[in-house]
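Chain by chain, the residues run as shown.
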Amino acid sequence: MEIIDAIILGIIQGLTEFLPVSSSGHLEIGKAILGDNSVPKESLLFTVVLHFATALSTMVIFRKDILLIIKGVLKFEWNEDLQFISKIALSMLPAVIVGVFFEEELEQLFNGNILLVGCMLIVTAILLFLADKAKDTQKKVSFSNAFVIGISQAIAMLPGISRSGATISTSVLLGNDKTKAARFSFLMVVPLIFGKIAKDLLGGELTYDSSNVTALGVGFIAAFVAGLFACTWMIALVKKSKLSYFAIYCVVVGLIAIIWSLV
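Residues numbered from 1 in each chain as written. Predicted model: local features only at pLDDT ≥ 70, side-chain atom pairs only at ≥ 80, totals over all residues. Heavy atoms only, no water.

Asks: Whenever I open this one, the overall build of the protein chain confuses me. Can you help?
Replies: What the protein chain contains, in helices and strands, is 12 helices and zero strands. Along the protein chain, helices (α) and strands (β) appear in the sequence α-α-α-α-α-α-α-α-α-α-α-α when read from the amino end. By the compact-globule yardstick of 18 Å for 263 residues, the protein chain fits well, its C-alpha radius of gyration being 18 Å. Seen through its principal axes, the protein chain has C-alpha atoms that stretch 50 × 40 × 35 Å. The buried share of the protein chain, reckoned over its 263 residues, is 47%. (Helix = DSSP H or I, 4+ residues; strand = E, 2+ residues; numbered from the N terminus. Rg over C-alpha atoms; globule rule 2.2 N^0.38 Å. Buried < 20%, exposed > 50% of the residue type's maximum accessible area, 1.4 Å probe, protein only.)

Asks: What should I look at first to understand helix α5 (residues 80–101) in this one?
Replies: In an α-helix there are 3.6 residues to a turn, and that puts residues three or four apart on one side. When the terminal C-alpha atoms of α5 are compared, their 32 Å separation across 22 residues agrees well with the 32 Å that a helix rising 1.5 Å per residue should span. At Leu93, α5 is bent by approximately 35°, the largest bend along its length, and proline Pro94 sits one to four residues beyond. For α5, the complete set of buried residues consists of Phe84, Lys87, Ile88, Ser91, Met92, Pro94, Ala95 and Gly99. Tucked into the core, α5 has its buried residues touching α4 (63–73), α6 (103–109), α8 (143–155) and α10 (178–202). Capping of α5 at its N-terminal end is provided by Asn79; its side-chain oxygen lies 3.2 Å from the backbone amide nitrogen of Asp81. (Expected span 1.5 Å × (residues − 1). Bend = angle between axes of the 7 residues up to and from the residue. Contact = heavy atoms within 4.5 Å. Polar contact = N/O pair within 3.5 Å; in protein donor to acceptor, adjacent residues only side chain to side chain.)

Asks: Any chance you could explain unusual backbone geometry here in plain terms?
Replies: Apart from glycine, the bulk of residues carry a negative phi angle, and the bulk of peptide bonds sit in the trans form. The phi torsion at Phe76 lies on the positive side, around 55°, for a residue other than glycine. Residue placement: Phe76 occurs in the loop between α4 and α5. Judged by relative accessible area, which is 71%, Phe76 ranks as exposed.

Asks: Can you walk me through a nonpolar patch on the surface in this structure?
Replies: A cluster of nonpolar residues, Leu93, Val96, Ile97, Val100, Phe101, Phe102, Phe147, Ile151 and Ile155, forms a patch on the protein surface that exposes about 830 Å² of accessible area. Counting residues per element, the ones that place at least two in the nonpolar patch are α5 and α8. Of all the elements, α5 adds the most residues to the nonpolar patch, at five residues. Assignment of secondary structure puts Phe147 in helix α8. (Patch = residues over 30% accessible without salt bridge, like charges linked within 9 Å, V, L, I, M, F, W, Y side chains within 5 Å. Areas by Shrake-Rupley, 256 points an atom, 1.4 Å probe, with all protein chains shown as cover. Salt bridge = Lys/Arg side-chain N within 4 Å of Asp/Glu carboxyl O.)

Interpretation note: all reported values are geometric properties and have no functional meaning in isolation.
Following this line, the structure appears as structure tokens:
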């Protein structure tokens, strides 16, 4: 993989992991445009590295929240922090079930299926438009809400469905506060990413080629820096109800992807 390609894909991942436009969908489109000829396992390693970078950027942005949650959990009381962790764990269940029982079927969809990506981006646009019209509240995410949001996260494993867009939109449509919805959405994905990385490492599915170390490194840095920017920006945008702009963007990119695949 060329260095410039690694930088471009890293920036795409960093921005689209947090902005509600589907990181997986954009990576598939990016690989199609750049002509990614790497074998599946090498491509998987690069994708894992990029996701690891964005998980770290999330932890940096929410470092104060994470430290407070850890301190609260260590009190070993059924307090707000332990309840929050429990909600995160509950929200992970649907994605874990899909990942364990339908992993092979899911991976087949990540094979340059640009038509599917385009259609799912249109679905993402509809969700964002509906969420932008929802009224803001002070309601916190409940346990039942957490599970429903988890279902939307599992559905967002499809390329083209934005994970942040689907989970934030679902949370807001359930009547939750927009800022709290964004916070929950970004924090709920961190354990999933680290869990997936651990599974791939222990399962021996990742292969390493020393000739690609530079590309992996610059891709990681590009994704991490772009992630820091996008996460901060996204929180501000959700507060101001600016998701409809991304809905328009998703429609445009989705239509281009559909036309590209058909032509």
